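# Coordinates in review
Residue-level listing of the chains:
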Amino acid sequence: MNLSTGGGHSGILLDVQHALIASRNQQPGKGCKGRRGMTEKIMLAGVLAAAVMALTAGTPAQAQLKHYDSNNESFWKNPPPDWFLGDETEQQKGLAPQPNPPTPATPAQLEANLKKIKLLPGFKIGVFAANVPEARQMAWGDKGTLFVGSWFDAGNVYAIVDEGGKKVVKTILSKLTVPTGIAFYNGALYVADVNKIYKYDNAEANLDKMPAPKIVYDDLPPYIPHGWKYLAVDKQGMLYVPIGPPCNECMAPTSTMQIRRVNPNNGTAEIIALGVRNSVGGDVDPRSGDYWFSENARDWISDDLPSDKLNHVTRLGQHFGYPYCHQGDLPDPTYAMGHKCSEFTPPVLKLGPHMAPLGMKFYTGSQFPAEFKDAILLAEHGSWNRHKYNGGRIVAISVDPAGKHVKQQVLATGWIEGDRTFLGRPNDVIIAPDGSILVADDWAGAIYRISYAK
Amino acid sequence: MKRRLSLCAFVVAAIAGALPARAEDDAAIKTKLEPCFACHGENGISEIDGVPSIAAEPDIFLEWQLVFFRTGRVKSEIMGPLAADLSDDDIRAMGAYLAALPPINTPPPPDDAPAMTAVGAKLAASRNCGNCHGEGFHGQQGAARIAGQREEVIMKALHDYKSGARFGTGIAAMPEVVGQLNDEQIEALAHFLSRQR
């Protein structure tokens with residue numbers, strides 16, 4: 001029985017009517033400072049957080065909540081279009097997600113773009129493969145094939161193979177909905193496409209004609225907003241699957257806002273984490289087996305709030321705060337509903353506002369300097385809901401297995417030019433067998449390689 | 001309003017600037033577009049039922065439609081085969097050329113259903129169509145110019161988003177929008193928008 005998709009839901013979805021916070025709460029100048037330094041720790045003034053709270057305290061929160069009936073199929077197919085429209089503030093008005101360029105960047109454009117990327121000393125970046133429209137999560141096959149998922153407009157899964165030193169990009173699956181999340185385990189390719197996880201056995205031997213897939217899991221909601229997935233796979237072949245709410249900020253149905261650990265062998269699942277908004281990245285710590293994940297915070301509060309997060313699951317079913325509390329210490333102006341942030345698991349690290357941290361991997365290679373051993377390499381996709389975009393970088397976060405001694409460095413930056421121009425949008429990282437890393441870019445439709453030499 | 005306009009102009013300029021110098025000159029691309037104008041009308045203003053006007057649409061919107069037809073992401077018995085062999089360069093040049101053509105400027109035919117126009121106008125405002133489709137519904141970024149588009153084309157498009165035959169760019173904005181509209185509302189919107197200039 002499919003719990004998430006049918007009409008069996010009795011939940012009522014509450015949401016906020018327009019203009020959550022009065023525009024006078026905004027701090028116009030704050031978002032437009034220069035680029036951050038190469039080494040940074042946690043930023044975000046608690047002062048700002050306190051200011052927002054002070055200004056919104058005493059708002060009759062319940063009065064602003066709007067009721068939605070999620071008790072019918074059409075809600076699940078097409079939830080109200082509030083997730084980037086309904087919560088607009090006057091100050092943030094006009095900011096909108098940018099559509100990807102229709103055609104991938106040409107090799108010449110890519111070369112020109114990469115000249116503008118700044119890296120830590122000793123690191124180099126080059127094009128691994130061009131012409132990979134809307135490239136998203138990557139996974140290695142056993143025999144050296146790089147599988148790559150894609151975003152919505154493309155709807156493809158690619159296989160990149162080496163043919164006599166040349167990288168050849170094959171479209172092996174097409175006409176999927178949003179096949180962002182993929183994984184490879186034991187000869188099989190897994191593709192998470194919104195509400196279905198497909199398994200393609202013996203994939204690498206069949207790149208030119210993929211076998212019919214088995215559906216290994218489908219207890220997932222069918223809506224697209226925050227319905228895109230990322231897959232992490234652990235040593236036992238279990239899949240970590242994020243399930244986001246279909247909105248920016250709302251009390252979404254209880255079968256969402258969580259991360260599950262799915263057993264693709266028998267279709268069972270357990271809830272790993274609750275109170276999670278839009279997570280599109282995570283990895284299993286090679287040291288402890290714990291799951292860590294990146295999370296995108298809500299929009300439409302301001303340019304500088306709230307911060308996106310890096311989280312660490314240390315106990316089954318921990319609650320990470322959404323929709324009540326953001327960034328570990330900012331109660332939602334409307335949805336806190338009496339909850340305190342101390343009730344929830346705080347992030348290991350605040351990553352900064354509107355960074356859009358997506359794919360991440362623990363660095364298990366041996367090419368990079370010793371300080372990068374087991375560091376989390378994280379791709380920041382970059383903002384849309386901010387006047388001066390943040391992100392567009394690869395950051396390296398060293399942290400011990402308990403989540404202490406956190407240090408963040410910017411490994412590569414420069415994919416955002418001026419206030420709102422993308423040269424590219426890094427969204428995933430994977431470690432190559434030689435210890436270099438590959439970076440997927442869905443804006444330019446390309447895969448880059450970052451290597452290190454003394 | 002001011003901010004949205006300047007943001008839009010900025011983004012469009014940035015993307016145009018990122019494109020390589022076009023090898024094809026206007027004349028060459030015009031020749032390639034001639035068969036297109038046979039259906040889409042002289043200068044891209046269609047006079048045939050079911051064929052959209054394509055003049056003055058945003059470049060990004062046009063290019064995406066051609067990419068969708070090429071990959072089969074949007075099924076069209078007519079446009080599918082026509083787009084199948086277009087190269088990325090063709091698509092970029094065609095998008096840029098068509099986007100620069102002047103929009104429809106002939107006055108709309110006399111309004112046979114002003115009450116419907118009024119309903120459509122209200123809906124377009126309350127459903128925030130202009131947030132994405134821009135000032136005067138003239139289109140911006142990935143969102144089409146819907147002012148002055150043919151009435152039956154708008155109706156078909158909205159039904160296609162509803163049935164899932166079309167998703168649209170980015171984050172499925174249009175399926176979410178039409179998910180909340182009934183047939184009468186779709187009709188009223190098409191009636192109103194086709195009369196805008």
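None of these values were measured; they are calculated from a predicted model.

## Topic: helix α5 (residues 88-99) of chain B
- Helix length check: α5(B) (twelve residues) gives 16 Å between terminal C-alpha atoms against 16 Å at 1.5 Å per residue, within 8%.
- Counting buried positions along α5(B) yields nine of twelve residues, so the element is predominantly enclosed.
- Buried residues of α5(B): D88(B), D90(B), I91(B), R92(B), A93(B), M94(B), G95(B), Y97(B) and L98(B), and no others.
- Here the buried face of α5(B) lies against α4 (107-114) of chain A together with α2 (26-40) and α3 (59-71) of chain B.

## Quick word on unusual backbone geometry
- In the segment running from L305(A) into P306(A), the intervening peptide bond is cis, with an omega of -15°.
- Cis rather than trans, the peptide bond between Y322(A) and P323(A) has omega equal to 0°.
- By secondary structure assignment, the location of P323(A) is in the loop between β22 (318-319) and β23 (325-326).
- Located in the positive-phi region is N128(B), a residue other than glycine, with phi close to 60°.
- By secondary structure assignment, the location of N128(B) is in the loop between α6 (114-126) and α7 (129-133).
- Given a relative accessible area of 21%, N128(B) falls into the partly exposed group.

## Quick look at the pattern of salt bridges
- This structure, assessed with the given rule, holds 28 salt bridges over all chains.
- Where D329(A) meets K350(A), a salt bridge forms, and the shortest distance between an N and an O atom there is 2.6 Å. Placement of D329(A) in the loop between β23 and β24 (330-331) and of K350(A) in strand β25 (residues 349-353) is noted, with a sequence separation of 21 residues between them.
- D160(B) serves as the salt-bridge partner of K156(B), at 2.9 Å between the closest nitrogen and oxygen. Residue K156(B) and its partner D160(B) are located together in helix α8 (residues 151-163), separated by four residues, close to a single helical turn.
- Residue K156(B) is classed as exposed on the basis of its relative accessible area, which comes to 54%.

## Regarding the state of the cysteines
All names here are of chain A.
- Scanning the model with the defined rule gives two disulfides over all chains in all.
- The side chain of C247 participates in a disulfide bridge whose partner is C250; the two sulfur atoms lie 1.9 Å from each other. An S-S torsion of about -75° defines the bridge between C247 and C250 as left-handed. The two residues C247 and C250 agree in class, both being buried.
- Two residues share a disulfide in this structure: C325 and C341, whose sulfurs sit 2.1 Å from each other.

## A look at the sheet that holds strand β15 (residues 239-243) of chain A
Residue and element names in this part refer to chain A.
- Read across the sheet, five strands follow the order β14-β15-β17-β18-β22 without closing on themselves; strand pairing throughout is mixed. Bordering the open sheet on either side are β14 (232-233) and β22, each of which pairs with just one other strand.
- Strand direction decides the pairing type here: β15 and strand β17 (residues 258-263), joined by five bridges, are antiparallel. Residue P242 lies in a different strand from β17, and its bridge partner there is I259.

## A look at the nonpolar core
- Counting 43 residues, the largest nonpolar core has L33(B), L66(B), L98(B), F137(B) and L158(B) as its most contacted members.
- Among the secondary structure elements, those contributing two or more residues to this core are α2, α3, α4 (79-83), α5, α6, α8, α9 (173-178) and α10 (183-194) of chain B.
- Mapped onto the domain boundaries, this core takes at least three residues apiece from domain 1 (21-99) and domain 2 (114-194) of chain B.
- Sequence-distant contacts of L33(B), defined by excluding residues within four places in its chain, comprise M94(B), Y97(B) and L98(B).
- If you look at the next biggest cluster of nonpolar residues, it comprises 28 residues, including I117(A), F368(A), A446(A) and Y452(A).

## Focus: the domain arrangement of chain B
Residue and element names in this part refer to chain B.
- By domain assignment, chain B separates into domain 1 (21-99) and domain 2 (114-194).
- Each of domain 1 and domain 2 was reduced to a C-alpha centroid, and the two centroids are 21 Å apart.
- Taken together, the contact between domain 1 and domain 2 spans 19 residues of the former and 16 residues of the latter.
- Three residues, E57, P58 and F61, lead the burial of domain 1 against domain 2; their summed loss comes to 29% of the area buried on that side.
- Taken together, the connections running from domain 1 to domain 2 amount to one salt bridge.
- Applying the counting rule to domain 1 against domain 2 returns nine residue pairs in polar contact (both at pLDDT 80 or more).
- A per-class count over the side of domain 1 that touches domain 2 returns eleven nonpolar, four polar and four charged.

## Some points on the packing of α8(B) against α10(B)
Residues and elements named next belong to chain B.
- Packing of α8 against α10 brings their axes to within 8 Å, and their N-to-C directions diverge by 140°. Here α10 runs oblique to α8, going by the angle between their axes. Remark: the crossing between α8 and α10 carries right-handed chirality. Here E151, I154, M155, L158, H159 and K162 of α8 lie close against α10, whose contacting residues are D183, I186, E187, A190, H191, L193 and S194.
- Here the contact of α8 with α10 is built from residues that sort into six nonpolar, three polar and four charged.

## Remarks on the packing of α3(B) against α5(B)
Residues and elements named next belong to chain B.
- Relative to each other, α3 and α5 sit at 140°, their axes nearing to 8 Å. Judged by the angle between their axes, α3 and α5 are oblique. For the element pair α3 and α5, the recorded crossing hand is right-handed. Of the residues in α5, those in contact with D59, L62, E63, L66, V67 and R70 of α3 are D88, I91, R92, M94, G95, A96, L98 and A99.
- Along the lines of polarity and charge, the residues of the contact of α3 with α5 split into eight nonpolar, one polar and five charged.

Cut-offs used in this document
Residues numbered from 1 in each chain as written. Chains lettered and ligands numbered in written order. Predicted model: local features only at pLDDT ≥ 70, side-chain atom pairs only at ≥ 80, totals over all residues. Heavy atoms only, no water. Helix = DSSP H or I, 4+ residues; strand = E, 2+ residues; numbered from the N terminus. Expected span 1.5 Å × (residues − 1). Buried < 20%, exposed > 50% of the residue type's maximum accessible area, 1.4 Å probe, protein only. Contact = heavy atoms within 4.5 Å. Salt bridge = Lys/Arg side-chain N within 4 Å of Asp/Glu carboxyl O. Disulfide = S-S within 2.5 Å. Pairing = 2+ DSSP bridges. Core = buried A, V, L, I, M, F, W, Y, C linked by side-chain atoms within 4.5 Å. Domains from an automatic or database assignment. Buried area = accessible area lost by both parts, 1.4 Å probe. Polar contact = N/O pair within 3.5 Å; in protein donor to acceptor, adjacent residues only side chain to side chain. Nonpolar A, V, L, I, M, F, W, Y, C, P; charged D, E, K, R; others polar. Axes fitted to C-alpha atoms, helices over the stretch in contact; angles between N-to-C directions. Parallel < 35°, antiparallel > 145°, perpendicular 65-115°, else oblique. Left-handed = near helix turned anticlockwise from the far one by under 90°.

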